[in-house]
Amino acid sequence: MFIEIHKLELNPIDFEEEIRPGVVDLGPDLRQVSALQTAGRAQLVEEHRGKRQTVKDIRLNGDLTTTLELACARCLDPVVQNVARKFDLLYRPLGADAGPEERSVAVAETEVSYYQGEGLLLEDALREQVLLAVPLKVICREDCRGLCPHCGKNLNAERCSCAEPVEDPRWSALKDIRGKLDH
Ligand SMILES: [Zn+2]
Ligand SMILES: [Zn+2]
């Protein structure tokens, strides 16, 4: 859905969208497994800078929910994760903050992004919000045993015959000391 600045000049736009998997490109590590539900409002915010200049910003607020599948950080098995996020964003025209005098107008800005041309593609904004909502690391279960660092077998599913982990370095340090004392 393309949010046109010219339409926002007339009225705010309320949206309610259901976006099927594949439409929003989330990259190779995330798979969207259910429709992304989003609802919210886009509206024009006019910033007056000095006497003559008016900057037309787009304020986008709403929420989203979806379900994603990503790899367990330990064993790489797929983990299904529900994602929900509320957002309240301000988009400025690209270049609006480029001039030297504009830069001093930096208000307490939390989440300011930029739009280019005639408006903003809602899907682009949602993509960013989904990526921000995904936890950095998920594990499939608390006691996931992960992959064997030697042979790569999934230790949740099978045992391998690789050597047990080498002895604790603290013990070998003790052995060294003992060795020295013996002499
Ligand atoms: Zn796992
Ligand atoms: Zn192994």
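Residues numbered from 1 in each chain as written. Chains lettered and ligands numbered in written order. Predicted model: local features only at pLDDT ≥ 70, side-chain atom pairs only at ≥ 80, totals over all residues. Heavy atoms only, no water.

Draft legend 1. A look at the coordination of the zinc ion (ligand 1). Cys72 (SG), Cys75 (SG), Cys140 (SG) and Cys144 (SG) make up the full set of protein donors to the zinc ion (ligand 1), lying at 2.3 to 2.4 Å. For the zinc ion (ligand 1), the four donor atoms in the first shell make angles of 105 to 114 degrees at the metal, a pattern classed as tetrahedral. Each donor residue of the zinc ion (ligand 1) belongs to the same chain, with the gaps between them written as C-x2-C-x64-C-x3-C. Assessed through its relative accessible area of 32%, Cys140 is described here as partly exposed. On the basis of relative accessible area, Cys144 is assigned to the buried category, the value being 5%. (Donors = N, O, S within 2.8 Å, 3.2 Å for Na, K, Ca; no water. Tetrahedral: all angles 85-135°; square planar, octahedral: opposite > 155°, others 65-115°. Buried < 20%, exposed > 50% of the residue type's maximum accessible area, 1.4 Å probe, protein only.)

Draft legend 2. The arrangement of the side chain of Thr67 in detail. On the secondary structure map, Thr67 appears in strand β5 (residues 53–71). Thr67 sits in the buried class, given a relative accessible area of 15%. Side chain to side chain, Thr67 and Ser34 meet in a polar contact 3.0 Å long. When neighbours within four sequence positions are excluded, Thr67 is seen to be in contact with Arg31, Gln32, Val33, Ser34, Val80, Gln81 and Asn82. (Helix = DSSP H or I, 4+ residues; strand = E, 2+ residues; numbered from the N terminus. Polar contact = N/O pair within 3.5 Å; in protein donor to acceptor, adjacent residues only side chain to side chain. Contact = heavy atoms within 4.5 Å.)

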